[in-house]
Amino acid sequence: MIRVEHVSKWYGLVVGINRISLSIEPGVTGLLGVNGAGKSTLLNLMAGLLQPSTGAVTLGDAPIFANPVALREIGYCPSPDRFYEDMTGEEFVAYLARLSGIPRTEALERARRACDEVALGEFVSKRIRRMSKGMRQKVKMAQALVHDPDVLLLDEPLNGMDPQSRAQTIALIKKWGGEGKCVVVSSHVLHEVEAMTSNILLLHHGKILAKGEVPEVREAIQSRPLKVFIRSRDGREMASRMIAWPMVKSLAFGLDDRTLTAEVTDAGAFYESLGGLLAEEDLGLEILNPLDDNLAAVFEYLVA
Amino acid sequence: MLTEASRALMSRSAKTYTLSVRGVLFMFLLVCPWILGFFLHLVIFMGAEVAQGGATLYENLVLWYFQGFWLPLATLFTGVALVADDAEGGTLPYLFGRPVRRRTILLAKFAGVSAVLIAETLVSLAGTYVICWSEAGFGQVFRNLDALVLDAVVLTLGILVYGALFSFLGVALKKPLLWGFFIGFGWENLVGWLPGFLKRFTVLFHLHTLKPSGNMPEFLQQLLASTESKLAAILFLAGYFVLFLFLSCWFMGRMEAPAQEREGG
């Protein structure tokens, strides 16, 4: 739905985003990167708050920057902890709903519903200046979804939340994605993103380093070996057979001779060969576990 | 027909200004002419001889205090703050991220704050008028109401035109307060009094044209002597108002509002 085409964004001489092209489809997309990678800049571009230095950011075919038609479909939860502190949570959300063109009475009703959805509870009528960081985060989320947009851009939404709220919010984000909304969630905390989605967009120094499903991304990195943990009844025999395979870069035994860790350069070929071996001979395979087929490993490989 | 967003923005900006420290201080400044008027009453009551009475005090307060000081000061701080408060407070992304035209945001905020400023100023002016003119008996108060109406119109125009000018500075320049002080208290009060054509590029001159002060020393009246008609003054003021609001909207439409604590992220 959102298309980013050949977009760069410069702040003077500093490059925030460097020739990025991508499209965001329905479902949850995790936007990952270290601080300064360009996550917030990309979200600001998609939220119509920044104008690209080159290229175009569009929703459908319409440019997003300062375009009310496109902005009607976008809900943005910014990362900075800034509010109209004198308002209550409900007033804040209702005020921003009115700015989306929703009549006053309906805006109040929708604000209550949005606050309920993010589990703001009785804090809804508390002044924002008296709210905890976690509650303030929820108010930001509520204002993003109060006008029922198709696109939700959430910049570090779990910041400052307690574990229970985090779990609730993660479930909510997954639910929105499941309902067909385009949800983009930025974070530098890997396990949080991993809990929400396996579809990631990895940014580094303003460029896309990788995008797609985590295992696919991992697969695509042929230059980096994948570690696979294996436990079998006869580890030594298994190792002696594997060492001859060209995709196996190294083998290391664990504490006993039943466990070993293989470093493989081509996961697909490795699993195929292993399947063939086990069909030929019963080596008593008990555990086969790719150790770094997760986001943390992908992130570490790509950014390191 | 006002949109829901316009109504929300207008009422919010009016309320925020009224309840702000700035708004309270400005209200105090608007009470100052009343204090001076009461002081004059007190001096006369105590039997002191005063060379010039309440009518002169009123004329001078309108010319020097309301037009020369209050108008540029109040409109400078409120005009510049229309967008700057949200920009500095980090809340601008909430406004710019909504499906509402940028120019609607600016114009609605401008209308909300201007309405409060005009109401406050007119109440202060009316109070000043009554307090000052009643010095010569209450009969005088009702005999000169046309002067009050004219002053009210001039001050209202002043608030709108100065407001538009300073709103423009607020969205277009990096240090709008500094430039605003230079223009509001330097250029306006200096060039507005000088002979020549240049004074037409001030707001003050056209306000003076609409309501010449009759109680000033002769040399000051000569300095302010207008060579333009009242119609020309109204056209100039209307032109400045439209021009500055148009430019403000134009800059607002191009303004970026990244939601970032600092660079990067």
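It should be emphasised that the depicted structure is a prediction, and the values quoted were computed from it without experimental measurement.

Rules and cut-offs
- Residues numbered from 1 in each chain as written.
- Chains lettered and ligands numbered in written order.
- Predicted model: local features only at pLDDT ≥ 70, side-chain atom pairs only at ≥ 80, totals over all residues.
- pLDDT = per-residue confidence, 0-100.
- Helix = DSSP H or I, 4+ residues; strand = E, 2+ residues; numbered from the N terminus.
- Expected span 1.5 Å × (residues − 1).
- Buried ≥ 20, exposed ≤ 12 C-beta atoms within 10 Å, placed from the backbone.
- Arc of directions from axis to C-beta.
- Contact = placed C-beta atoms within 7 Å.
- Pairing = 2+ DSSP bridges.
- Axes fitted to C-alpha atoms, helices over the stretch in contact; angles between N-to-C directions.

(A) Expanded view of the confidence of the model for chain B. In the predicted model, chain B carries a mean pLDDT of 89, and the fraction of residues at 70 or more is 92%. Overall fold confidence for the complex sits at a pTM of 0.83, while the interface term, ipTM, reaches 0.88.

(B) Structural view of helix α4 (residues 104-117) of chain A. Residues and elements named next belong to chain A. Over its 14 residues, α4 extends 20 Å from the first C-alpha to the last, a length consistent with the 20 Å expected when each residue adds 1.5 Å. The set of residues buried in α4 consists of Ala107, Arg110, Ala111, Ala114 and Cys115. For α4, the angular spread of the buried residues around the axis is 135°, confining them to a single face. Exposed side of α4, more than 90 degrees from the buried face: Thr105 and Asp116 are the residues found there. Where the residues of α4 are buried, they touch α3 (89-99) and α5 (133-145). Looking at the residues trailing α4, positive phi occurs at alanine 119, about 60°.

(C) Layout of the sheet that holds strand β5 (residues 62-63) of chain A. Residues and elements named next belong to chain A. The four strands lie next to each other as β2-β1-β4-β5, forming an open sheet whose pairing is antiparallel. Each of the sheet's edge strands pairs with one partner strand only, and the pair in question is β2 (14-24) and β5. Sheet analysis places strand β1 (residues 2-11) next to strand β4 (residues 54-59), joined by five bridges and oriented antiparallel. Of the residues in β4, the one forming a bridge with glutamate 5 is alanine 56. Set on the sheet, helix α1 (residues 39-46) makes contact with β1, β2 and β4; between it and β2 the angle comes to about 60°.

(D) Spotlight on the pairing of β4(A). Inspection of the sheet shows β4(A) paired to β5(A) by two bridges, in the antiparallel sense. In the sheet register, A:Thr58 faces β5(A), and the bridge partner there is A:Pro63.

(E) Region of the structure containing the environment of B:Val161. Residue and element names in this part refer to chain B. With respect to the helices and strands, the residue valine 161 is situated in helix α7 (residues 145-172). On the basis of neighbour counts, which here come to 25 C-beta atoms within 10 Å, the residue valine 161 falls in the buried class. Separated by 31 residues in the primary sequence, valine 161 and glycine 192 have C-alpha atoms spaced 15 Å apart. Discounting chain neighbours no more than four positions away, the residues touching valine 161 are Val203, Leu237, Tyr240 and Phe241.

(F) Focus on the sheet that holds strand β7 (residues 151-155) of chain A. Residue and element names in this part refer to chain A. Across the sheet, six strands lie side by side as β6-β7-β8-β3-β9-β10; this open sheet has mixed pairing. Of all the strands in the sheet, just β6 (74-77) and β10 (207-213) have a single pairing partner and so form its edges. Sheet twist, expressed as the average angle between the axes of neighbouring strands with direction ignored, equals 15°. Strand direction decides the pairing type here: strand β3 (residues 27-32) and strand β8 (residues 182-187), joined by six bridges, are parallel. In the sheet register, threonine 29 faces β8, and the bridge partner there is valine 184. Sheet contacts for α1: β3, β7, β8 and β9 (199-204); angle to β8, the most-contacted strand, approximately 155°. Each of β6 and β7 is contacted by α5, which is oriented at about 170° to β6, the strand it contacts most.

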